[in-house]
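Structure assessment
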Amino acid sequence: MVLGVNSNNSCQSGVDLIYLVFFKDILTNTAFLISDNRWTGSNFSTSEGVMLVKRTGGTLTAGTIVKIDINNSGAGTSPGWTITKANTGNPFNLATGADQFLIWQGTWNDSGAITGSFKLAYNTKRDWNANPDSNNSSLPNDLTCFHISSPLSNLYYRYYQGLTDVISQGEWLVRILNFNNWKNDLTNNTTGCQNFNAFFDSFPTNIPILTSIPEQEICSGEALDDLEVVDESNVVEYQWYRNTSASTAGATPVGTNSFSYTPSNTLAGTYYYYCEMTIDLPLNGTSNTSDCTFTSNYFKVTINPQPGTSPILATP
Amino acid sequence: MKNSTFKLLAALLFGMLVYTAQAQDQTICEGAVKNYTVDTEAPDGANPDGTPGSWYAWSVIEPAFAGTITAGDDPDGAGTNDSNQATIDWDTTPVGTYTVQVIETTGTCVGDPITFTVEIVSGPTAPTVIADPSAICSGDEAVFTITGAPGNVVTYTINGGAPQTTTILGTGEVDVVIPGVTADQTIVITLVATDGSPDACTTAVTGVTATVTVNAAPITSPIQAL
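Residues numbered from 1 in each chain as written. Chains lettered and ligands numbered in written order. Predicted model: local features only at pLDDT ≥ 70, side-chain atom pairs only at ≥ 80, totals over all residues.

Time to look at the overall build of chain B. Check the secondary structure of chain B and you find 1 helix and 16 strands. Put simply, chain B has 226 residues, and 27% of those count as buried. Counted over contacts in chain B with a minimum sequence separation of 6, partners at least 24 positions apart contribute 62%. (Helix = DSSP H or I, 4+ residues; strand = E, 2+ residues; numbered from the N terminus. Buried ≥ 20, exposed ≤ 12 C-beta atoms within 10 Å, placed from the backbone. Contact = placed C-beta atoms within 7 Å.)

Given below as structure tokens:
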């Protein structure tokens, strides 16, 4: 996922800065491709650049923020990575007027054909379209729920400035995909660029991703803490579920319309709760409230029954 | 009957029922040894461990309790005196009303206390005995009158013989009659019980005794003609 893009580095001419974060550990030799070419819907155009980004350092822990510098001659740098130009044509260079980039894992062919799967899309402006120019691109269907698009017109500098407390992967996606959590109004000048850089200088080097299952165990009738997920303005529906195992299969819907849920404190047994968060991720200025649902981690709740003792009997 | 009257009677009846339920569950004698159990029937569990996964803490709430509680080990609990069965030796616990309490624990969950009320009563008061009359002539019957609480069963011996028993009548007295005695008769009362049941409370008795003195009949010489 993208956390920040500087598409017009007034502080360092000709360099694009992209801040990425991964939700799983990145092993050595893991690679992905990034291109600012236009996606036509079935392949790429070939007038712009493609970069191969490969992990050469040790395993990168999930949540670590990676800063990628790519200059307009097609050379890239990032500690622990090799970034090389993967096409024979023009270099990767985000256009200051408006541009998009797509990230995928797979292969690139100079004809514009690719293999693999898309992971992420970023747009310095609001709309995705197939206009045949270098300032536009279609959005791959796979990325309807994984694109960062500006809510306004072309923005040179944008970054995530929301909360950074520890939450699950699903909640992080909800947060990052909420454009209200982004800095969208930096002025296109050196000061704006400096503000962008200053922000990341003080930003954590990683975002904490909750991987464990929070547990609560009580005796029937005792107090339980409410279960909570992120309270984000882009969420249009919270649907809580309960299951007898750490699985979504066969789960029972138990509560809606709130980022918090108060589980039963008398339902004896061990239960796993989770929340599905459906967000509004606008596409081309149109609200999209039906396609994008993200799931929280499980919350384990164990209710032990209170002993039920029979009356005392006096025996001979 | 007015509805309000019916409600009042119902409330009174309920109150009586509650009062009845709160009365003592068991009456025992001083020094008795008694057994108590919980959770011995399905689905709570079987002997000797009670509910699977549970263990039990037995106590007698009142500070005056001066006995001992032996419950044995429930393997579900960490203790060695935590089974679902307890034997309480009330020992020297004084007369009064006591509350046996058991608290069941399952895992980290502690159940509500379950209580059982025990009333300890004292043994019967020692009876008295008199010889009535205290002297008789040889060949007459000796009569001892024992006075005590109606229903009490008195154990006694006559002249050191085998122990015998008699029950004090509703009048508060009972006579022990020994016909045709020719020698002194001494009764010694050794024990008194509240009744004849096996669970009756008893009191050992000492120093309660009486004797009928038997006088020889006068011997008169034959009449002689002067």
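Glancing now at the overall build of chain A. Scanning chain A from terminus to terminus reveals 2 helices and 21 strands. With the C-alpha coordinates of chain A rotated into their principal frame, the extents come out at 100 × 40 × 40 Å. Across the 316 residues of chain A, 37% fall into the buried class. In chain A, 68% of the contacts between residues at least 6 apart in sequence involve partners at least 24 apart.

Turning our eyes to something else, we now look at helix 2 (residues 190–202) of chain A. Compared with the 18 Å implied by 1.5 Å per residue over 13 residues, the 18 Å span of helix 2 of chain A between its first and last C-alpha is a close match. For helix 2 of chain A, the secondary structure elements touched by its buried residues are strand 1 (2–6) and strand 11 (157–160) of chain A. (Expected span 1.5 Å × (residues − 1).)

This part takes up the nonpolar core. Residues Val2, Met51, Val174, Tyr273 and Met277 of chain A are the most contacted members of the largest nonpolar core, which totals 71 residues. By residue number, the principal contributor to this core is strand 18 (residues 269–279) of chain A, which donates 6 residues. Among the nonpolar cores identified, the runner-up in size contains 19 residues, and Ala131, Val174, Val176 and Ala210 of chain B belong to it. (Core = buried A, V, L, I, M, F, W, Y, C linked by C-beta atoms within 7 Å.)

What follows covers the domain arrangement of chain A. Residue and element names in this part refer to chain A. Splitting chain A by domain gives domain 1 (2–202) and domain 2 (215–304). One C-alpha centre belongs to domain 1, the other to domain 2; they are set 31 Å apart. Opposite the 15 residues of domain 1 that make contact, domain 2 presents 18 residues. Its residues placed into classes, the side of domain 1 that touches domain 2 shows 6 nonpolar, 5 polar and 4 charged. (Domains from an automatic or database assignment. Nonpolar A, V, L, I, M, F, W, Y, C, P; charged D, E, K, R; others polar.)

This part takes up unusual backbone geometry. Note that the residue after aspartate 132 of chain B, namely proline 133 of chain B, is joined by a cis bond; omega there is 5 degrees. At asparagine 29 of chain A, a position not held by glycine, the phi torsion is positive, near 80 degrees. When you line up the elements, asparagine 29 of chain A lands in the loop between strand 2 (15–21) and strand 3 (31–35). On the basis of neighbour count, asparagine 29 of chain A is assigned to the exposed category, with 8 C-beta atoms found within 10 Å. Although it is not a glycine, asparagine 284 of chain A adopts a positive phi angle of roughly 55 degrees. Inspection of the secondary structure puts asparagine 284 of chain A in the loop between strand 18 and strand 19 (292–295).

Glancing now at the interface of chain B and chain A. Of the residues lining the interface, 21 residues belong to chain B; the matching set on chain A comes to 15 residues. Mapped onto the side of chain B that touches chain A, the elements with two or more residues apiece are strand 2 (33–37), strand 6 (96–106) and strand 8 (114–121) of chain B. No other element matches strand 6 of chain B, which puts 5 residues into the side of chain B that touches chain A. Among the residues making up the side of chain B that touches chain A, the classes are represented as 7 nonpolar, 10 polar and 4 charged. Here strand 21 (residues 313–315) of chain A runs beside strand 2 of chain B; their pairing, made up of 3 bridges, is antiparallel. Within the sheet, the bridge partner assigned to alanine 314 of chain A lies in strand 2 of chain B and is tyrosine 36 of chain B. (Pairing = 2+ DSSP bridges.)

Attention shifts here to helix 1 (residues 169–176) of chain A. Since the α-helix advances by 3.6 residues per turn, residues separated by three or four positions end up pointing in the same direction. All names here are of chain A. Most of helix 1 sits inside the fold, with 7 of its 8 residues counted as buried. Along helix 1, the positions that sit buried rather than exposed are Gly170, Glu171, Trp172, Leu173, Val174, Arg175 and Ile176. Considering only its buried residues, helix 1 is in contact with strand 11, strand 15 (235–243), strand 18 and strand 19.

A separate point is the environment of threonine 205 of chain A. When you line up the elements, threonine 205 of chain A lands in the loop between helix 2 and strand 13 (215–219). Through-space distance from the C-alpha of threonine 205 of chain A to that of asparagine 189 of chain A is 26 Å; in sequence the pair is 16 residues apart.

Quick look at the environment of serine 59 of chain B now. Note on placement: serine 59 of chain B falls in strand 3 (residues 54–60). Spatially, the C-alpha atoms of serine 59 of chain B and threonine 115 of chain B are 9.5 Å apart, while their sequence positions differ by 56 residues.

Right, let's talk about the pairing of strand 18 of chain A for a bit. Residue and element names in this part refer to chain A. As paired strands, strand 15 and strand 18 are joined by 8 bridges and run antiparallel to one another. If you follow tyrosine 241 over to strand 18, its bridge partner there is tyrosine 274. Direction of pairing for strand 18 relative to strand 20 (residues 299–304): antiparallel, over a ladder of 5 bridges. Following the sheet pairing, tyrosine 272 is matched in strand 20 by lysine 300.

Before going further, it helps to spend a moment on the sheet that holds strand 10 (residues 135–137) of chain B. All names here are of chain B. If you walk across this open sheet you meet the 5 strands as 10-16-15-12-13, and the pairing is mixed. For this open sheet the edge positions go to strand 10 and strand 13 (164–167), each flanked by a neighbour on one side alone. Between one strand axis and the next, the sheet turns through 30 degrees on average, direction left out of account. As paired elements, strand 10 and strand 16 (residues 202–215) share 3 bridges and run parallel to each other. Pairing of isoleucine 136 across the sheet is with valine 214, part of strand 16. (Axes fitted to C-alpha atoms, helices over the stretch in contact; angles between N-to-C directions.)

Let us now look at the pairing of strand 1 of chain A. Residue and element names in this part refer to chain A. Of all 5 residues that make up strand 1, 5 are buried, and the element is covered over most of its length. Judged from the 4 bridges that link them, strand 1 and strand 2 form a sheet pairing that is antiparallel. Considered in strand 2, the bridge of valine 2 is made with leucine 20. Two elements, strand 1 and strand 11, share 3 bridges in a ladder whose sense is antiparallel.

The next subject is the sheet that holds strand 7 (residues 81–85) of chain A. Neighbouring strands of a sheet are bound in pairs by backbone hydrogen bonds; such pairs are parallel or else antiparallel. Residue and element names in this part refer to chain A. In space, the 12 strands of this open sheet follow the order 10-9-8-3-4-7-6-5-2-1-11-12, with mixed pairing throughout. Edge positions in the sheet fall to strand 10 (147–149) and strand 12 (182–183), since each has one partner strand and no second. Where helix 2 meets the sheet, its contacts fall on strand 1, strand 2 and strand 11, and the angle it forms with strand 11 comes to roughly 20 degrees.

Turning our attention to the confidence of the model for chain B. All names here are of chain B. Looking at chain B, the pLDDT average stands at 87 and 86% of residues meet or exceed 70. Mean pLDDT across the secondary structure elements of chain B bottoms out at helix 1 (residues 3–22), with 42, and peaks at strand 11 (residues 142–147), with 98. Across residues 1–22, confidence stays below pLDDT 50; counting only partners more than four residues off in sequence or on other chains, it has 1 contact. With pTM at 0.74, the complex prediction returns an ipTM value of 0.71. (pLDDT = per-residue confidence, 0-100.)

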